[in-house]
Structures are given as C-alpha cells and as structure tokens.
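The lines below spell out each chain.
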Number of protein chains: 2
Amino acid sequence: MTLDSLETPVLTVDLDAVERNVARMQAYCEKHGLALRPHIKTHKSPAIARMQLQHGAHGVTCQKLGEAEVMAAAGIGSILVTFPLVGVRKAERAVELAQIVQLTLVGDSSIVAENLSAAFARAGQVVDFLVECDTGLGRTGVQTPEEAATLARLVDSLPGLRFGGLMTYPTVPESGPWLQAACEAIESGGLHVGCVSGGGGLPTFYSSHEVETITEIRPGTYAYGDRSYFAEGAMMLADCALRVRATVVSRPTENRAIIDAGSKTLSNDPVDAADESGYGLIVEYPQALIYTLSEEHGHVDVKCCADKPAIGEVITILPNHACGTVNLHDEVVIHKNGQHVARWPVTARGKVA
Amino acid sequence: MTLDSLETPVLTVDLDAVERNVARMQAYCEKHGLALRPHIKTHKSPAIARMQLQHGAHGVTCQKLGEAEVMAAAGIGSILVTFPLVGVRKAERAVELAQIVQLTLVGDSSIVAENLSAAFARAGQVVDFLVECDTGLGRTGVQTPEEAATLARLVDSLPGLRFGGLMTYPTVPESGPWLQAACEAIESGGLHVGCVSGGGGLPTFYSSHEVETITEIRPGTYAYGDRSYFAEGAMMLADCALRVRATVVSRPTENRAIIDAGSKTLSNDPVDAADESGYGLIVEYPQALIYTLSEEHGHVDVKCCADKPAIGEVITILPNHACGTVNLHDEVVIHKNGQHVARWPVTARGKVA
C-alpha cells in the first residue's frame, strides 16, 4: 500500500528519516560525552521512544505525569519529568510511577520539594530531584545561582528526596557561567552535582556541548524535524520526517487554493524562523503561502506559483512546529520508501495532566 | 464530587449554561422563522448535539465526513456536511452515510458535483446538494451569483444529486443582496431554492435574520461561548460554559506566575476581539495577562493584580476560542452547580478526514 492511497488529511512519518535523525543525535552525544534523554513531547509515541533507547539514549524526558505514565506502561525504564508537580494527588502519582521506573523529578520552589518529600517519605521511597534553573528563558526556574544552592540544600535535607543536580531549558551561551556558578555554590557546601540537564531546542541544537557544565541533553524535535528547523538550516528537508498530506478542495479564484487541512490539522503554531511566515511549507509548491487557517480549511495564495495546483491534487506540507501538529492527531501513518507501513497511535496525546 | 477535587489541567463544561444557550438560540430561531442546524465543531459531542435537537434543532452541521460518521453512529438523523468532498473514497463514504441519515452535501465546483454524482448514481441514491457561495469571507464558494446559478443548473442535471439551495459562511450584511441575486438567477431558470443556509459566527450572531433570504442558520460556538464572544459583548460570562481549570506551579518572580496549561491545553488561537490580547481570561484575576504559551506552561504577567496567585492555587480560564480548545481534549468534565457530574468524551475530536 502506498501513501497515494491514503485519504487526506493525514499525518505521515518517514521512519528512515527518523532513524537517521536518532542515530545522528546519538553520535553527537557520544562524541561529546553527553548523556541523551530525548523529550517525548514531539512524537508522544512509545515506539519512537524505544527506537531512541535502542540507539543509546539512557532514558526519556516527559513534560507531564500523564505522558510519563504512558511511557512507563510501554516499558520505558528511566523517566525525567521536567515539570513542577504541585498538589498531593500529583505527588502520589509520582510515588506510584517511581515503583516501576527510575524516576527523576524537578522543581524550582520549596513548595514543590516539600510536596514531593512528604509523599515519598510517607511511602518509604526516595526520588532523585533536580533544581530547575532559569538561565535565560524567563519561564520556570530559580532566578540566581544562589537560589539554586539554597533549594539544593533544602532538597538534601528533606526525607524522600535525593538531590541529583540541575536542570535548565533551553541552553543558551549565558547558561554556561550561570550553571558553573550554581555548581560551585552547591559543591562548596559539600553537595555533589551529579547531573546538569540542559540542551534541546533551537538555537543551540548540536552545540549544547559548548556549555561545558552540561552532562545530559533533552532534545525533542530532532526526531521528526519541522519547518522551523529546516528554515533555520538546522535540518535538511529530506531529514524532516513529518508531513501533512492534504488535498486541494477548491480553487475559487485564480490565485487562491483551499486545502482540507486547517488549524485542527496543522495547528496555529507560528514558524520559528526569521523571514518566514505562513502555516507550513508546501513541498511541491514552495512559492505558495498558506496565509491563514480556518479550523478545517487552509487558505493558500498560489499567485507566485508557475504551475498552480488543481482541485483533487494531493500536496504534502512540512508543518511549522512538529510538536503542535502531532498533538492534534490520534495516529500517524508510518512509511518507509513511500510504502505505507503502519498506523501508530500517538499514545501520549491528550495526557495534559 | 466537586470541581475542586479535579486534577488540573482539565476542561470543564457548565451544563446549565449550555442548556440556557441552546434554549436561547432555539427561541431566537423560532421567533424569526429560521431553521436551526447547529455546527458540532465546537463541542464534537453527540450528547450536546442531542440536547440541541431536543430543543428543536432540525439537524446538525459537520465540517468533516469523519465528524458526520460519529454523529450518525450516535443516532443523529439529519446531517449537513459543509465541506467540499473531493475524491472517490470520500464520495463512497458519503453514499454509505446517506443510507442511514438524511444527508446534505455542498460544493463550489463542477468537479465536486460530478464526483458526488458519480458515486450516488452508481449506488442508485440521490443526495441533496447546496451550492456554496462566497458572500464576503474569501474562502471557499462560488464568486458570483451567476456562477451560483450555473452550478445549480449543473447539479440539477446530474444523476444522484438534487439541487437543494445555497450555503454561505459567515453571513455579513453584503450577503443579503448577493444571495438574493443568486436566488433570482436560479429561480428565473425554473429551479426552486429550497434552503439558504447561512449565519453562525461573529459578528452577526443573533442578527442573522436581518439577511432576509436566509432560511437556516448554523451557529456553533453559542453552545459553549468563549472569550471572543464574551469580549465582543455577545455573551455574558455566566453563560460561557467552558473553563480550563489550571494550577499555579511556579512563581519565579514577583510579577510572573506559571500555570500548568499551555498551548496543548488552551490552544494558540488568538482572541477574536478588538483591544484584547493574550491566551485566555483568568476569571479570578482579570487583570492578569497570559502573555505567552509554551506547550505545557502558561506564562502569566500578574503585575497588575492587587492580590497575586500563589503556588498551588487553582484558577479558571475562559479560553479565547472554544472550538480550538475543545479539540485538544479527549474529554470534558460536565458539571451542574459546581458538582462534577460526569466525564464526557469529545467523540468527534481528531476526525479530520
């Protein structure tokens, strides 16, 4: 069965490209002595996670506990949850999870540390805890190396927690001095910083090793690639594994084509690259611009296309942001060499809690 | 069980508010002699669709065939699919669907009409077909009343199709003369325009009757409401039934709060109202601004809040765009008077094809 026989819209994944991407990132990490802990938020698929582990990743990263539960149920043995777990019920679920996987948690406040400590101590368990550091993004994370050291000391003093090191996202050049200062402040107090988890994401894709403090990276999008990575020159088009196959369903005017993929198929995520706009790259018509999305219609300006697509023509779109697009779909069609191989569920999709 | 016992993030629906909204729209339609065919794209729930029918709606509208199949399987008897069906497989699925429901289809080209005609004629069936008209949006639809008349004549001549009338979206003031001219051009040729389906959406919510040609309207968002409808003054806050319950998980700085709802929970859909920005209204902190979304983190500026939310506090967010938010969730928690009543699946979610 070939891809041409698929109804549209449909999300497809080139498995050969994924294998190349996974092998390349693993080789990069081994060359630079970095541990690789891929973020599953991009694919949300236990099968792709297992491929990453088979190539040498030492565990996976999940953003939500619900995703981690899916990965644990699929037999993944080592999971880092990079989101602060707040509330008794979340802490209790983490305790349950830690009974079947090697779990590492994070936090940037005493409230989160004490919440987890109480639940793990009550269960007679101990869990690794990384202090999240804001080294430039302005999202979660303690704000200074001194705050990192203070929270590390608290974690070390709490029952049920074992201070494991530091975590940050993304890694930018200024992350290096920040993390170095935090490590020194913590180690001067006698604590050991076992892990400094960073990296992942543009623009430091494949240059995370330049921040020397880092021991582990957590890239996600590299497995599939997307238009943002392609437009930034970080990945080649042939290595971008993801496509939305869509059909031209209307040509109401000379310069307008309407396709059967809108924001509920592509997502409204913008392209994260300078000088680019629109909602995806149409591979067969790179001069075309998907200038707006209705929920189920993509509005395409084809005035710059020498040949213009006809009603019924199937086009393939490289989405702006892999993670946002995959998250809309219950399954992906996996192919090798254009042959439709299988439909794989996006198992961790929708596990927002 | 109360809503306070729910883990976050979670999407909740106030069923009493939905009933009020459904009853109000039905009363509006009956007052003005309009048939009501609600669009299910907002709720994607057979249970809410049945409520709309029980109040007097004469059928439902679906955007995709996959949604229509879900509604048919739930026993909904009359379905309009307002999306051009292209390709043999889509036409064959429409034939199957028409064997169990009263089906109406649309199109804006001879290609779509001939595709459907071939499949229905082969099956010995006849289906109602509306000519889609672009009366101002600039999306799908024939471009002039003359084109509408030409396509209507073609539809009338094709086996397997029965010309049923016209369809447009949204209805704007200029839609009136456009549709009137199309009706006259079609009826002067001896054809009868049985249905003129329009309305739905801002800004003509509750003023669709002013476009006199229209016989049926297809609103969707009215059942749940959202921040765009509230900000435009089209609905009261108490009638906006949808909330995302989220927890403050980090307070890294005095003016920044981070919540556990990002673009994969709220959607990146913008607010469709003048002078409004951000990614949802925090009901308890209307001065707060959700200024950016990561995939799982909402970034909130709380500098204008007199009291600022603490870590662990649960807040409720009115999403910018109900349809985009609901589409991210596998289920909604239904409540009456703050009591958690049930979890209802968003059954037609992800049925993009």
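No experiment lies behind these values; they were computed from the predicted model shown.

S.K.: Whenever I open this one, the overall build of chain A confuses me. Can you help?
M.R.: Helix and strand counts for chain A stand at ten helices and 17 strands. Expected size for 353 residues packed as a compact globule is a radius of gyration near 20 Å; at 22 Å, chain A falls within 12% of this value. In terms of overall dimensions, chain A has C-alpha extents of about 70 × 35 × 35 Å along its principal axes. Relative to its full complement of 353 residues, chain A shows a buried share of 64%. Within chain A, residue pairs in contact and separated by at least 24 positions form 68% of the contacts whose partners lie at least 6 positions apart. Carbon and sulfur atoms provide 51% of the accessible area of chain A, an area that totals close to 12200 Å². Each charge sign in chain A was given a centre, from 28 positive and 41 negative side chains, and these centres are 5 Å apart.

S.K.: Which parts of the structure should I look at to understand the packing of helix H5 (residues 110-122) of chain B against helix H6 (residues 145-157) of chain B?
M.R.: All names here are of chain B. Two elements in contact, H5 and H6, have axes whose closest approach is 10 Å; the angle formed by their N-to-C orientations is 15°. By the criterion of interaxial angle, the relationship of H5 to H6 is roughly parallel. H6 is crossed by H5, and the crossing has right-handed handedness. Residue-level contacts link Ser110, Ala113 and Glu114 of H5 to Leu151, Leu154 and Val155 of H6. When its residues are assigned to classes, the contact of H5 with H6 shows four nonpolar, one polar and one charged.

S.K.: Where do I start with the packing of aromatic side chains in this structure?
M.R.: For any pair of aromatic rings, the description rests on two quantities: the centre-to-centre distance and the angle between the ring planes. Residue and element names in this part refer to chain A. All told, the structure shown has two aromatic pairs over all chains when counted by the stated rule. Between Tyr28 and Tyr206, the ring centres sit 5.1 Å apart and the planes meet at 75°, which makes this aromatic pair edge-to-face. Taken together, the positions of Tyr28 in helix H1 (residues 15-31) and Tyr206 in the loop between strand S8 (195-198) and strand S9 (216-217) put the pair 178 residues apart, joining distant regions of the chain. Of the residues examined, Tyr28 reaches a relative accessible area of 8% and is grouped as buried. Tyr206 gets classed as partly exposed once you look at its relative accessible area, which sits at 25%. We note Lys64 situated over the ring of Phe83; from NZ or CZ to the ring centre the distance is 5.0 Å.

S.K.: Would you mind showing me how to read H5 of chain B here?
M.R.: The periodicity of an α-helix, 3.6 residues per turn, causes residues three or four places apart in sequence to face the same way. Residues and elements named next belong to chain B. The terminal C-alpha atoms of H5 lie 18 Å apart, and with 13 residues this matches the ideal 18 Å at 1.5 Å per residue to within 8%. All buried positions along H5 are accounted for by Val112, Ala113, Asn115, Leu116, Ser117, Ala119 and Phe120. Among the residues trailing H5, Gly124 stands out with phi positive, at a value near 70°.

S.K.: What am I meant to see in empty space enclosed by the protein here?
M.R.: Over the atoms rolls a probe the size of a water molecule, and in doing so it shows where empty space is left. Going through the model one piece at a time under the given rule, you end up with five cavities of 30 Å³ or more. Quantified by volume, the largest cavity comes out at close to 170 Å³. The set of elements that each furnish at least two residues to the lining of the largest cavity consists of helix H9 (263-266) of chain A together with helix H9 (263-266) of chain B. For the lining of the largest cavity, the residue count by class is two nonpolar, ten polar and four charged.

S.K.: Looking at this structure, how should I read the relation of the copies chain A and chain B?
M.R.: Mapping one chain copy onto the other needs a rotation about an axis and a shift along that axis. When chain A is brought onto chain B, the operation consists of a screw motion whose angular component is 180° and whose axial shift is 0.0 Å, with 0.0 Å RMSD remaining. The transformation just described matches what one would write down for a two-fold rotation axis. A shared binding surface is used by both copies, with 100% of the interface residues of chain A retained as interface residues in chain B.

S.K.: Would you mind going over the interface of chain A and chain B with me for this structure?
M.R.: How large an interface is tends to be reported as the accessible area lost when its parts come together. Counting residues at the interface gives 57 residues for chain A and 57 residues for chain B. When chain A packs against chain B, the two sides together hide about 4500 Å² of surface, and 52% of this comes from carbon and sulfur. Counting across the chain A and chain B interface gives 14 salt bridges. One salt bridge connects Arg349 of chain B with Asp330 of chain A, and the closest N-O pair in it is separated by 2.3 Å. The tally of links from chain A across to chain B stands at 32 residue pairs in polar contact (both at pLDDT 80 or more). Mapped by element, the contributors of at least two residues to the side of chain A that touches chain B are helix H4 (88-98), helix H5 (110-122), strand S10 (242-253), strand S11 (256-259) and H9 of chain A. The biggest single contributor to the side of chain A that touches chain B is S10 of chain A, with six residues. Among the residues forming the side of chain A that touches chain B, the class breakdown is 18 nonpolar, 20 polar and 19 charged.

S.K.: It is not clear to me how the confidence of the model for chain A should be interpreted in this structure. Could you clarify?
M.R.: Low pLDDT marks regions whose predicted coordinates should not be analysed in detail. Looking at chain A as a whole, its pLDDT mean stands at 96, while 99% of the residues score no less than 70. Complex prediction metrics read pTM 0.97 and ipTM 0.97.

S.K.: Help me understand the nonpolar core in this model?
M.R.: One recurring pattern in soluble globular proteins: nonpolar side chains tend to sit buried together. Of all hydrophobic cores here, the largest spans 104 residues; its most connected members are Ile79, Leu103, Val131 and Leu166 of chain A. Residue contributions to this core peak at seven residues, all from H1 of chain A. Excluding anything up to four places from it in sequence, Leu103 of chain A contacts Ile79, Val81, Ala94, Leu97, Ala98, Phe120, Val127 and Asp128 of chain A. Within the second largest apolar cluster, 103 residues are counted, among which are Leu97, Val142, Trp178 and Val193 of chain B.

S.K.: Help me understand the sheet that holds strand S5 (residues 102-107) of chain B, please; the structure alone is not making it clear to me.
M.R.: The strands making up a sheet associate through hydrogen bonds between their backbones, and the pairing can be parallel or antiparallel. All names here are of chain B. Pairing within the open sheet is parallel, and its eight strands lie in the order S2-S9-S8-S7-S6-S5-S4-S3. Every interior strand has two partners, whereas the edge strands, strand S2 (35-36) and strand S3 (60-62), have only one. Relative to strand S4 (residues 78-81), S3 runs parallel, the two sharing three bridges. Following the sheet pairing, Cys62 is matched in S4 by Val81. Along the sheet, helix H3 (residues 65-73) makes contact with S3 and S4, crossing S4 at roughly 175°.

S.K.: What am I meant to see in the sheet that holds strand S3 (residues 60-62) of chain A here?
M.R.: All names here are of chain A. Here eight strands make up an open sheet; going across it, the order is S2-S9-S8-S7-S6-S5-S4-S3 and the pairing parallel. Two strands in the sheet have a free side with no partner beyond their single neighbour: strand S2 (35-36) and S3. Bridge analysis of strand S7 (residues 161-168) against S8 gives three bridges, and the strand direction is parallel. Paired with Leu166 across the bridge in S8 is Val196.

S.K.: Looking at this model, I keep getting lost on the pairing of strand S15 (residues 314-318) of chain A. Mind explaining?
M.R.: The two faces of the sheet receive side chains in turn, since in a regular strand these alternate between them. Residues and elements named next belong to chain A. In terms of burial, S15 is a largely internal element, four of the five residues being buried. Pairing of S10 with S15 involves four bridges; the strand directions are antiparallel. The residue of S15 that forms the bridge with Ala246 is Ile315. Bridging between strand S12 (residues 281-282) and S15 involves two bridges; their strand directions are antiparallel. Pairing of Ile282 across the sheet is with Ile317, part of S15.

Conventions used here
Residues numbered from 1 in each chain as written. Chains lettered and ligands numbered in written order. Predicted model: local features only at pLDDT ≥ 70, side-chain atom pairs only at ≥ 80, totals over all residues. Heavy atoms only, no water. Helix = DSSP H or I, 4+ residues; strand = E, 2+ residues; numbered from the N terminus. Rg over C-alpha atoms; globule rule 2.2 N^0.38 Å. Buried < 20%, exposed > 50% of the residue type's maximum accessible area, 1.4 Å probe, protein only. Contact = heavy atoms within 4.5 Å. Areas by Shrake-Rupley, 256 points an atom, 1.4 Å probe, with all protein chains shown as cover. Lys, Arg positive; Asp, Glu negative; His and termini not counted. Charge placed at Lys NZ, Arg CZ, Asp CG, Glu CD. Axes fitted to C-alpha atoms, helices over the stretch in contact; angles between N-to-C directions. Parallel < 35°, antiparallel > 145°, perpendicular 65-115°, else oblique. Left-handed = near helix turned anticlockwise from the far one by under 90°. Nonpolar A, V, L, I, M, F, W, Y, C, P; charged D, E, K, R; others polar. Phe/Tyr/Trp six-rings, centres within 6.5 Å; stacked < 30°, edge-to-face > 60°. Lys NZ or Arg CZ within 6 Å of the ring centre and 35° of its normal. Expected span 1.5 Å × (residues − 1). 1 Å grid on protein atoms, 1.4 Å probe; cavity = no way out; pocket = protein on both sides within 12 Å on 5 of 7 lines; lining within 4 Å. Points joined across faces, edges and corners; volume = space filled by probe spheres on them. Least-squares fit on C-alpha atoms with pLDDT ≥ 70 in both. Buried area = accessible area lost by both parts, 1.4 Å probe. Salt bridge = Lys/Arg side-chain N within 4 Å of Asp/Glu carboxyl O. Polar contact = N/O pair within 3.5 Å; in protein donor to acceptor, adjacent residues only side chain to side chain. pLDDT = per-residue confidence, 0-100. Core = buried A, V, L, I, M, F, W, Y, C linked by side-chain atoms within 4.5 Å. Pairing = 2+ DSSP bridges.

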